[in-house]
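Each chain, letter by letter, is given below.
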Amino acid sequence: MSEDFAALADRAADQHRQRPGHGLFVSWQGLSLADIRRDLLRRLDAAGIHAVDQEVRFLIEHALAPARLAEALADPVLAPWQKLFDLADLATARLTRKPLSQVLGTQPFWTIDLAVTGDVLTPRADTETLVEAVLSRRPSARSDSLGRSVELVDLGTGSGAIVLALLHERADWTGLGVDVSSRALAVAQANAARVGVSERVRFLQTSWSHALADESADIVVSNPPYIVSDVLTGLEPEVRDFEPHLALDGGEDGLDAYRVILDDLPRILRPDGLFALEIGYDQAAAVSGLARAAGLVGVEVLNDLAGLPRVVLGFRNCSSR
Ligand code: GLN
């Protein structure tokens, strides 16, 4: 043996001391899982985090998987110290107000589960309104007179949430996810494999749609940055300090991205093509106005589950640009 037992033990202790959750883990010595759960509820609450019951359950169940909380509370064997140390690491990260999605590394969206890092906006339930709207207006496969399959373009795709959720629902669509961030595209690409649609989606690093060919899309979707720059600094730390501002900051009036996107939409959409854009709750009139001014037709506003305006959609006229 080249190292004696004491040296090995020292090295293991050193590694433990370097882990982010070391301090928290040490403070839990002698506590039951029920005590640890109460401690976490108190700490998350004190850190200003909302919905702590649910958050603590997610953290515990992630660390103790496949055991569920109720099972682990009833049987200490399901919560060995190694898993409690993992829990301490996760909780310590969450206490910095790092979003739960980034702490756990994944976020459910629509019917899929996506990898999430600090390089992409965490997919939000609000955005499912957009997915639902597109699916309801394009109920099934539809190839045009030239026999082309439906080509879907997602501008500012981030994690790939929108394009991947839609391709997962419509097995004969193909998609293109565009983003200016190569790091976001790496996440989207990994998510395409995760969702099992890699063969039907391509990703392109470029700004919005200028690099796309005329009449290349049947459907264009986007959740662009739309927060007014001055408002961004007042948001929750999870968003302000941990999510990419590139995906959030819509400029002085929040509308910068819509101007660029809508101006170019009539060019890249095929005749009769559909577009759907996520909007901020107070941007319905402004974004609909920009869409009509660009010559798009059938423009309407859809509400999210909270009853707030969330999507502007419309079409390119059949006959004209
Ligand atoms: N809905 C997001 C938020 O309020 C913003 C998303 C965006 O700018 N596209 O945090």
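Here the structure is a predicted model, which is why all the values come from computation and not from measurement.

Colleague: I'd like a rundown of the overall build of the chain, residues and numbers included.
Modeller: On a plain count of helices and strands, the chain comes out with 14 helices and nine strands. For the C-alpha atoms alone, the extent of the chain along its principal axes is close to 80 × 45 × 35 Å. Split into buried and exposed, the 321 residues of the chain put 47% on the buried side. In the chain, of all internal contacts separated by at least 6 residues, the share reaching a separation of at least 24 is 68%.

Colleague: Talk me through the sheet that holds strand E6 (residues 217-222); I want residue IDs and the actual numbers.
Modeller: One open sheet holds the seven strands; their spatial order is E5-E4-E3-E6-E7-E9-E8, and the pairing between them is mixed. Edge strands, defined here as strands with exactly one partner in the open sheet, are strand E5 (201-205) and strand E8 (297-303). The mean inter-strand angle of the sheet, taken between neighbouring strand axes irrespective of direction, is 15°. As judged from the five bridges shared by strand E4 (residues 174-179) and E5, these two strands associate in the parallel manner. Within E5, the residue paired with valine 178 across the bridge is leucine 204. In the packing of helix H10 (residues 182-195) onto the sheet, contacts are made with E4 and E5, and the angle to E5 comes to roughly 175°. The strands that helix H13 (residues 256-268) touches are strand E3 (151-155), E6 and strand E7 (269-278); relative to E7, the one it contacts most, it runs at about 160°.

Colleague: Outline the pairing of E4, listing residues and values.
Modeller: For E4, the buried fraction is high: five of the six residues fall into the buried class. As paired strands, E3 and E4 are joined by five bridges and run parallel to one another. Looking across to E4, one finds that leucine 152 is bridged to glycine 175. Handedness of the crossover is the feature at issue here: the chain leaves E3, passes through helix H9 (residues 161-169), returns alongside E4, and the resulting connection is right-handed. Crossover E4 to E5 through H10 is right-handed.

Thresholds, definitions, all that
- Residues numbered from 1 in each chain as written.
- Predicted model: local features only at pLDDT ≥ 70, side-chain atom pairs only at ≥ 80, totals over all residues.
- Heavy atoms only, no water.
- Helix = DSSP H or I, 4+ residues; strand = E, 2+ residues; numbered from the N terminus.
- Buried < 20%, exposed > 50% of the residue type's maximum accessible area, 1.4 Å probe, protein only.
- Contact = heavy atoms within 4.5 Å.
- Pairing = 2+ DSSP bridges.
- Axes fitted to C-alpha atoms, helices over the stretch in contact; angles between N-to-C directions.
- Right-handed = clockwise from strand over helix to strand, strands pointing away.

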